[in-house]
Amino acid sequence: QVQLVESGGGLVQPGGSLRLSCAASGSFFSINALGWYRQPPGKLRELVARLTEGGSTNYADSVKGRFTISRDNAKNTVYLQMNSLKPEDTAVYYCNADFRRSLTGPVFGSWGQGTQVTVSS
């Protein structure tokens, strides 16, 4: 299993920046992809950004040009740099990992506990 621990959330004013971190640990063969999702109050969880092992990225249209996902493979850590934050970015942000337990085994998913991001003046 993969354990994911997020950090870096908090309260920020509109136009400000935050950087979220998610450290992966546990027993796995490889991590195929790491991503960030968010769940605004009263809404469904949605993809924010995702980064594959091969380096491919995809972003939600609402965050393109403002958010950047990156990864430190040596530390098994994924980051989400969030700039020009807006009140509508307020949500609980969750880290997600797709991983394998063996070279040819199936892909499993794991979620972090979430970190609150609040954008408000």
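Provided above is the structure to which this section pertains.
Attention in this report is confined to the structure presented alongside it. Fair warning: this is a prediction, and the values are worked out from it, not measured in the lab.

On to unusual backbone geometry. Positive phi, normally seen in glycine, also occurs at N76, with a value near 50°. Looking at the secondary structure, you find N76 in the loop between β7 (67-72) and β8 (77-82). Of the residues examined, N76 reaches a relative accessible area of 23% and is grouped as partly exposed. For S84, which is not a glycine, the phi torsion comes out positive at approximately 50°. Mapped onto the fold, S84 is located in the loop between β8 and β9 (91-100).

Describing an aromatic ring pair means giving the distance of the ring centres and the angle of the ring planes. According to the stated counting rule, one finds two aromatic pairs in the structure shown. Relative to W111, the ring of Y37 has its centre 5.0 Å away and its plane inclined at 65°; by these criteria the two rings are edge-to-face. Of this pair, Y37 sits in strand β4 (residues 30-39) while W111 is found in strand β10 (residues 107-111), placing the two residues 74 residues apart along the sequence. You can call W111 partly exposed: its relative accessible area is 39%. Residue placement shows R45 over the ring face of W111; its charged tip is 4.6 Å from the ring centre. Lying across the ring of F108, R101 places its NZ or CZ 4.1 Å from the centre.

This paragraph deals with the environment of G16. Locating G16 in the fold gives a position in the loop between β2 (10-12) and β3 (18-26). When residues no more than four places from it in sequence are discounted, the contact partners of G16 are M82, N83, S84 and L85.

Here the focus is the environment of Y79. By the secondary structure assignment, Y79 is in strand β8. On a C-alpha basis, the gap between Y79 and S7 in space is 9.6 Å, while along the polypeptide they are 72 residues apart. Residues contacting Y79, with those up to four places away along its chain left out, are R19, L20, S21, W36, T68, I69, S70 and D72.

Thresholds, definitions, all that
Positions within a chain are numbered from 1, following the residues in the order the chain's sequence is written. Reporting in this predicted model follows two pLDDT cut-offs: at least 70 for local features of residues, and 80 or more for side-chain atom pairs to be given and counted; totals over whole chains, interfaces and linings ignore these cut-offs and use all residues. Computation of side-chain values covers all heavy atoms of the structure but excludes hydrogens and water. The secondary structure listing takes helices from DSSP runs of H or I that are at least 4 residues long and strands from runs of E that are at least 2 residues long, numbered from the N terminus. When accessible area is computed with a 1.4 Å probe and restricted to protein chains, residues below 20% of their type maximum are described as buried, those above 50% as exposed, and intermediate ones as partly exposed. Between the rings of Phe, Tyr and Trp (Trp by its six-membered ring), a pair exists once the centres lie within 6.5 Å; its type follows the angle of the planes, with under 30 degrees stacked, over 60 edge-to-face, and the other angles tilted. Look at NZ for Lys and CZ for Arg. If either is within 6 Å of the ring centre and within 35 degrees of the ring normal, a charge sits over the ring. Contacts were defined at the residue level, with two residues in contact if any of their heavy atoms lie within 4.5 Å.

The quantities given are spatial measurements derived from coordinates; they are silent on function.
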